[in-house]
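Understanding the architecture of this molecule
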Amino acid sequence: MTLGDLGDVAGLIAAIAFVLLVGFLAVPLWKLGKLLDEARSSVRDVTEHSVPILDEAASTVASANTQLVKVDTITTSAASVSENVSALTGLYAATLGKPLVKVAAFSYGVRQAFGQAKGRSGKHAGPDAGATGVGA
């Protein structure tokens, strides 16, 4: 073998080694390409499914805000009614409470007076009725 033949063999070995190296590098690159395709389709699916969910969440929040405005109106009205009832109760107590207490005290006094008068008349009739007796 000559030196030129050895160079050709060495070149052929180097070419084969280069082809094997490219082959070994091509397989991971091909798998990486498939992985990126899958990732792209997954992102597309997530986007397609999440957009309607986000739209529905936005409409739900808007509906909840509308309901909160209604609840605020109801709460304001209930507070106003409560204040009116409190004022009416105070007015009732001021106008009818004192006279009602006076009428109750007067009627109590009248009952006590009649009770004492009846008690006095009953004491005088008691001993006479017991001594004579109806059955004797």
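Residues numbered from 1 in each chain as written. Predicted model: local features only at pLDDT ≥ 70, side-chain atom pairs only at ≥ 80, totals over all residues. Heavy atoms only, no water.

Check the secondary structure of the chain and you find one helix and zero strands. Looking at the chain as a whole, 0% of its 136 residues qualify as buried. Total accessible area on the chain is roughly 11,700 Å²; 72% of this is exposed by carbon and sulfur atoms. (Helix = DSSP H or I, 4+ residues; strand = E, 2+ residues; numbered from the N terminus. Buried < 20%, exposed > 50% of the residue type's maximum accessible area, 1.4 Å probe, protein only. Areas by Shrake-Rupley, 256 points an atom, 1.4 Å probe, with all protein chains shown as cover.)

Our focus in this paragraph is the UniProt feature "transmembrane region" (unreviewed entry) in the chain. Feature annotation in UniProt assigns "transmembrane region" (unreviewed entry) to the following positions: residues 12-30. When the span residues 12-30 is considered, its composition is 100% helix and 0% strand, and the gap between its end C-alpha atoms is 26 Å. (UniProt positions renumbered as here; feature names shortened; annotations may be inferred.)

Averaged over all residues, the pLDDT of the chain is 83; the fraction at 70 or higher stands at 86%. pLDDT under 50 marks residues 129-136. Its contacts with residues more than four places away, or in other chains, come to zero contacts. (pLDDT = per-residue confidence, 0-100. Contact = heavy atoms within 4.5 Å.)

Turning our attention to the pattern of salt bridges. Within this structure, the stated rule accounts for one salt bridge. The shortest N-O distance in the salt bridge between D37 and R40 comes to 3.2 Å. Linking D37 with R40, this pair stays in helix α1 (residues 3-132), spanning three residues, or about one helical turn. (Salt bridge = Lys/Arg side-chain N within 4 Å of Asp/Glu carboxyl O.)

A few words on a nonpolar patch on the surface. Together, F18, L21, V22, L25, L29, L32, L35 and L36 make up a nonpolar patch on the protein surface, roughly 810 Å² of accessible area in all. Mapped onto the elements, F18 comes out in helix α1. Overall, the relative accessible area of 55% leaves F18 in the exposed class. (Patch = residues over 30% accessible without salt bridge, like charges linked within 9 Å, V, L, I, M, F, W, Y side chains within 5 Å.)

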